[in-house]
There are 2 protein chains.
Amino acid sequence: MELEKYRIHSKMARGLEKAQIVFKNARVFLSHTGEFVSGDVAVADGVILGIGTYEGEKEIPLDGKLLVPGFIDSHLHLESTLVTPGELVRQAAQCGTTTFIVDPHESANVSGTDGIDYILEQTESVPANVYVMMPSCVPATHVDDNGCTLTAGKMKAYLENPRILGLGEVMDAISVIEGSVSMYEKLNLFQNRVRDGHAPFLSQGDLAAYALAGISTDHECVTYEYAMEECRNGMQVLIREGSAARNLDAIVKGIVENHTDTESFCFCTDDKHIEEIRRDGHINYNVKRAVQLGLPLERALKMATIQAARCYGLKHVGAIAPGYQADFVVLDDEKNLNVEDVYYKGERIIPDEKAEIKPCPPMLKNTVHISKLKEKCLKLAHPGGKAHVILMEEGQITTQDSYGEVPWKEENGECIFVSDSRYQKIAVVERHKNTGKIGVGILKGFGLTGGAIASSVSHDSHNIIVVGDNDRDMILAVKELVRTQGGYTLVENGSVYKTLPLQVMGLMSDEGYEKVNETLADMIPKAHKMGIPAGFDPFITLSFMALPVIPEIRVTPRGIYLVKEDRMLRDPFER
Amino acid sequence: MELEKYRIHSKMARGLEKAQIVFKNARVFLSHTGEFVSGDVAVADGVILGIGTYEGEKEIPLDGKLLVPGFIDSHLHLESTLVTPGELVRQAAQCGTTTFIVDPHESANVSGTDGIDYILEQTESVPANVYVMMPSCVPATHVDDNGCTLTAGKMKAYLENPRILGLGEVMDAISVIEGSVSMYEKLNLFQNRVRDGHAPFLSQGDLAAYALAGISTDHECVTYEYAMEECRNGMQVLIREGSAARNLDAIVKGIVENHTDTESFCFCTDDKHIEEIRRDGHINYNVKRAVQLGLPLERALKMATIQAARCYGLKHVGAIAPGYQADFVVLDDEKNLNVEDVYYKGERIIPDEKAEIKPCPPMLKNTVHISKLKEKCLKLAHPGGKAHVILMEEGQITTQDSYGEVPWKEENGECIFVSDSRYQKIAVVERHKNTGKIGVGILKGFGLTGGAIASSVSHDSHNIIVVGDNDRDMILAVKELVRTQGGYTLVENGSVYKTLPLQVMGLMSDEGYEKVNETLADMIPKAHKMGIPAGFDPFITLSFMALPVIPEIRVTPRGIYLVKEDRMLRDPFER
């Protein structure tokens, strides 16, 4: 702080002069002592000056309501909700989240550092503190075909950006514990910063080796027991409650039952969709739910504030104390915990004020490069015998590798796989470098008939993934996404039913979340009508079918991938 | 860590190869979860690899004993115990303290940056982690005459030293909250580091302004209530239990009674003498005493380890977890908490192994510069009327300003103050720059007759302080300390009874603590025999009589100082 400003602030803190703004008569939550105290909070120039009895030029009466520090989402991906980063941040900020630790790994997989720059620029002037973790695993695995390889060398330039806090979730645990050179370079580059983990299923020894490499957080814990194992290894567990993965109940129930020390825990959302944020809330929901499960409110608030701040080395947020940034949430009372108002740097966030959508650089809207696609690319010629089938289960993104007979017909002397109501084709088309790579597999359980469904959002490489019961509609669906340069599309009987363009790297729309929601409200029920069971979100489930880290079988532009065996098959008929 | 080393360590952590050392079958305290778990701890190259079931090249059986992280003393001055830094550290390390956050402000007041360099060098290869806080208030006040002024400019060169963690205790709270330029420069220089406080009696508003300036710790809290006020302002309270100041009982009793969240607390000793360390222990004593007062052991251990590490941004100490330094304390059991062994970087500290005394640069042994001293300098000529008398009280270092009649005689037409059994003279002689400054006052309550007592340790400027009932012996005492270049001396009836030379900056002996203890064991009883009441430690009490921050009246080389009025009197007869 400048001296002149300090002198003025000091006088205000000492009560010698009126403070700029005073939040009067609140029950103030003090993160450092974990207690509520009654009093006023003095603020000037976005900074907290003191807690006590104060008079202000402007006074905001709180009449005994709770004033707590702005919440911190310790790990999330802004891209996952299909809207621009600023829109998501503004919606979540209205729920009380004023600090976001984001990992732009979807953008990085498509556009590399340009994608990271996009996230940084889009969140520069939002009413919240947005920090960025440098994506560590781009591409996610050695079998991925993505848009960019992010090496330690490319990351170096970001070290001086004060908004870059560390290295993003290190999913490739094997490379870590076996000491791969390229992984080591990345870990080493961020030696004195936070290195986020992603390692839900390691044995004791492997987990120790993973922590020994300097990885200090994980947001992937599903059970209380594994969460405790990570804490015992010195890691911070970011309890996740998002749209797809909901781990809070399991972990918090364990904490409550075992009277566990909660210092090693924070909250995160990882991936939470905007319509769910609007309906249920954001980190405020995590707090509320934890309290419902029996966690004392003070503990839950510390997890949502100062503990996350400490975990990421942020000294100016997470508490109401002199010198901290004036990011506040006003809650009605201890019981209901409803968010009544949110303040960022002492200024009220106006509910439902529309986020300005900042323009996107044209090159990021031109990322789908496929020119050679023909129907024959999808042909699955049967050499005789059985095939590997991707067996899907409702409510899961894991799949089973089912090896057996599939329907076929004879054509020009060849045995050709044919779709029916149970078996469809699935294909993944490389879209970044126009390599012509295409992997084709057989899917069972998704149930789509009379058309095709395709998406340019397919983790983590975000190639075009398409499912259909006939090759013509599948090709049409892919071509439609080439035309729109990314999106979701549904094709029915030879014509496009509807497309949601996601032009920003093929991941996000810059037409506003209302438009996105309106389009999805039509497309999703239509996809179900075309046969996709109610237990699947048609596009979200689809987006995981190319992710080569989730058991048991996936499809990639290189072919069929058997995850546990780490083995690539040219086609599903290969033994 | 280097990759090759990591690969080896990873294999050991995963149990694929035998670890270098395994501490077998311990009850391991995990700071991160605040729990004890049974198991083995694998170590290699001084680093912890994992906690679980391990085999080692070397195995140390612990048979169910407690293995806890090495303790951290979050604030201390190494000079106060009269021996060299290495000796003190080795003694304290044998009690389990393996990390020391030291403030060399005594050395800095005498020899400036040379004094700080001395402390850094002397502690470079001790069996402990020694970090240094840059002394912030040298000189302590504007009325001090010390050896050096430590400006922000002089501090700058130390910023790159990884052992310099921040700014030492900022005693001059007024300069802070009023925004003095020179104080601001120092605070600003350490903007992103820890800035230690020293502010035991601030009002709510002043404390807020003090914290707002970025000061984040205090070790001076005497009551639980004030400690909580500091925590509420976001400060970390370092609970002190030293030789002179004992604050642990008051604060910990409050914590226990109020079920207070203990995250904002650590432990420190501030000043603890070597003979007391040998008798009672060091930070292990703080832990033991806190547990006796009802604090759960787990909480006390977190305060003594990880909380101090976090407070000072030390990421490699304070916990038993992969990647942390292998600094351990073996305790016999939960009840007795006796230290059985201590390990630093995985190596056992051998009890009572003598510390090597590293040589001291000659210039630091030549710091007492007084040439012009004559008996007449001590004359107190009475202009008529009353005098300010420094009234001492047993067991206190505070004094009362008693204004009244004093004994006198007529000599050559002047009224001259004369000592008797109740009133003696006290003088402080500037010794750093040979300025000839000398302040003379009248002391009541110290009771010394038939001689003089003098010391070159006198806080914080460390000029020569002398008390006596006759001018001849006082002069002799000062001259003796000029001869020995610092120390403690006792003069009786015209001859030196005994001197403890403290040649290192006039603060420390480099002849070993046995020699120091032996000499003091003779001198202290002798001083009491000469009339100093049992309620005073003759030399320690004396050392505070020149400290111009403790109420109500002090003597400095400039004259008599009335603390509350911030007023200097040329002599005690001035109204």
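Residues numbered from 1 in each chain as written. Chains lettered and ligands numbered in written order. Predicted model: local features only at pLDDT ≥ 70, side-chain atom pairs only at ≥ 80, totals over all residues. Heavy atoms only, no water.

1. Digging into the overall build of chain A
Line of reasoning, step 1. Each helix and strand in chain A was counted, giving 16 helices and 30 strands.
Line of reasoning, step 2. Since a compact globule built from 575 residues should have a radius of gyration of about 25 Å, the 25 Å found for chain A is in line with a globular shape.
Line of reasoning, step 3. Seen through its principal axes, chain A has C-alpha atoms that stretch 95 × 50 × 45 Å.
Line of reasoning, step 4. Relative to its full complement of 575 residues, chain A shows a buried share of 63%.
Line of reasoning, step 5. For chain A, restricting intrachain contacts to residue pairs at least 6 apart in sequence, the fraction spanning at least 24 positions comes to 68%.
Line of reasoning, step 6. Per element, the accessible surface of chain A, about 20500 Å² overall, is 48% carbon and sulfur.
Line of reasoning, step 7. Taken together, the 60 basic and 81 acidic charged side chains of chain A have centroids lying 2 Å from each other. (Helix = DSSP H or I, 4+ residues; strand = E, 2+ residues; numbered from the N terminus. Rg over C-alpha atoms; globule rule 2.2 N^0.38 Å. Buried < 20%, exposed > 50% of the residue type's maximum accessible area, 1.4 Å probe, protein only. Contact = heavy atoms within 4.5 Å. Areas by Shrake-Rupley, 256 points an atom, 1.4 Å probe, with all protein chains shown as cover. Lys, Arg positive; Asp, Glu negative; His and termini not counted. Charge placed at Lys NZ, Arg CZ, Asp CG, Glu CD.)

2. Let's talk about the sheet that holds strand β19 (residues 399-404) of chain B
Residue and element names in this part refer to chain B.
Line of reasoning, step 1. With mixed pairing, the 8 strands of this open sheet are ordered in space as β19-β18-β23-β22-β25-β24-β26-β27. Unpaired on one side and paired on the other, β19 and β27 (495-501) mark the two borders of the sheet. Sheet twist, expressed as the average angle between the axes of neighbouring strands with direction ignored, equals 25°.
Line of reasoning, step 2. Pairing of strand β24 (residues 451-455) with strand β26 (residues 487-492) involves 5 bridges; the strand directions are antiparallel. Looking across to β26, one finds that I453 is bridged to L490. (Pairing = 2+ DSSP bridges. Axes fitted to C-alpha atoms, helices over the stretch in contact; angles between N-to-C directions.)

3. Some remarks on the pairing of strand β21 (residues 414-417) of chain A
Residue and element names in this part refer to chain A.
Line of reasoning, step 1. As paired strands, strand β17 (residues 381-382) and β21 are joined by 2 bridges and run antiparallel to one another. When the bridges of β21 are listed, H382 appears paired with C415.
Line of reasoning, step 2. With 4 bridges joining them, strand β20 (residues 408-411) and β21 adopt antiparallel strand pairing. Looking at the pairing, E410 lines up with C415 of β21.

4. Here we look at the confidence of the model for chain A
Line of reasoning, step 1. Averaged over every residue, the pLDDT of chain A is 95; residues scoring 70 or more account for 100%.
Line of reasoning, step 2. The complex prediction reports pTM at 0.94, with the ipTM value standing at 0.94. (pLDDT = per-residue confidence, 0-100.)

5. Brief notes about the interface of chain A and chain B
Line of reasoning, step 1. Contact with chain A, which involves 55 residues of that partner, is made by 55 residues of chain B.
Line of reasoning, step 2. In total, about 4200 Å² of surface goes out of reach between chain A and chain B, with carbon and sulfur atoms giving 49% of it.
Line of reasoning, step 3. In this structure, the salt-bridge partner of B:E35 is A:R232, at a minimum N-O distance of 2.5 Å.
Line of reasoning, step 4. Scanning the region where chain A abuts chain B turns up 26 residue pairs in polar contact (both at pLDDT 80 or more). (Buried area = accessible area lost by both parts, 1.4 Å probe. Salt bridge = Lys/Arg side-chain N within 4 Å of Asp/Glu carboxyl O. Polar contact = N/O pair within 3.5 Å; in protein donor to acceptor, adjacent residues only side chain to side chain.)

6. Describing the nonpolar core
Line of reasoning, step 1. The biggest cluster of nonpolar side chains holds 132 residues, and the ones touching the most others in it are A:V176, A:Y210, A:I239, A:F265 and A:I453.
Line of reasoning, step 2. The residues touching A:F265, leaving out its near neighbours within four places in the chain, are A:A227, A:M228, A:C231, A:Q236, A:V237, A:I239, A:I251, A:I255, A:T260, A:M303 and A:Q307.
Line of reasoning, step 3. In this structure, A:Y54, B:L78, B:I119 and B:M171 belong to the second largest nonpolar core, which totals 131 residues. (Core = buried A, V, L, I, M, F, W, Y, C linked by side-chain atoms within 4.5 Å.)

7. Re the environment of A:K433
All names here are of chain A.
Line of reasoning, step 1. With respect to the secondary-structure elements, K433 resides in the loop between β22 (423-429) and β23 (438-444).
Line of reasoning, step 2. According to the relative accessible area criterion, K433 is exposed, its value standing at 51%.
Line of reasoning, step 3. Sequence separation of K433 and V256 is 177 residues, and the distance between their C-alpha atoms is 51 Å.
Line of reasoning, step 4. Not counting residues within four places of it along the chain, the set of residues in contact with K433 comprises N146, G147 and C148.

8. What about the packing of aromatic side chains?
Line of reasoning, step 1. Throughout the structure, instances matching the rule amount to 10 aromatic pairs over all chains.
Line of reasoning, step 2. Taken together, a centroid distance of 4.9 Å and an interplanar angle of 85° make the contact between B:F23 and B:Y343 edge-to-face. Taken as a pair, B:F23 in strand β1 (residues 19-30) and B:Y343 in strand β15 (residues 339-344) lie far apart in primary sequence, 320 residues in all.
Line of reasoning, step 3. Residue B:Y343 is classed as buried on the basis of its relative accessible area of 5%.
Line of reasoning, step 4. Considering the side-chain rings of B:F29 and B:F36, the 5.2 Å spacing of their centres and the 55° angle between planes classify their relative orientation as tilted.
Line of reasoning, step 5. Ring pairing ties together the aromatic residues A:F23, A:F328 and A:Y343, which thus form one cluster.
Line of reasoning, step 6. Over the ring of A:Y497 we find A:K526, and its NZ or CZ is 4.8 Å from the ring centre. (Phe/Tyr/Trp six-rings, centres within 6.5 Å; stacked < 30°, edge-to-face > 60°. Lys NZ or Arg CZ within 6 Å of the ring centre and 35° of its normal.)

9. Structural notes on the relation of the copies chain A and chain B
Line of reasoning, step 1. Superposing chain A onto chain B takes a rotation of 180° plus a shift of 0.0 Å along the axis, which leaves an RMSD of 0.1 Å. Such a combination of turn and shift is consistent with a two-fold rotation axis.
Line of reasoning, step 2. A high fraction, 100%, of the interface residues of chain A reappear at the interface in chain B, so the copies pair face to face through one surface. (Least-squares fit on C-alpha atoms with pLDDT ≥ 70 in both.)

10. A word on helix α6 (residues 181-189) of chain A
Line of reasoning, step 1. Looking at α6(A), one finds that the buried residues are A:M183, A:Y184, A:K186, A:L187 and A:L189.
Line of reasoning, step 2. Close packing links the buried residues of α6(A) with α4 (152-155), β9 (164-170), α5 (173-178) and β10 (194-197) of chain A together with α1 (3-13) of chain B.

11. Some thoughts on unusual backbone geometry
Line of reasoning, step 1. Look at the link from A:P551 to A:E552: it is a cis peptide, with omega at 0°.
Line of reasoning, step 2. Put simply, B:V138 and B:P139 share a cis peptide bond, and its omega is 0°.
Line of reasoning, step 3. Mapping B:P139 onto the fold places it in the loop between β8 (129-134) and α4 (152-155).
Line of reasoning, step 4. The residue A:Q485 is not glycine, and still its phi comes out positive at about 55°.

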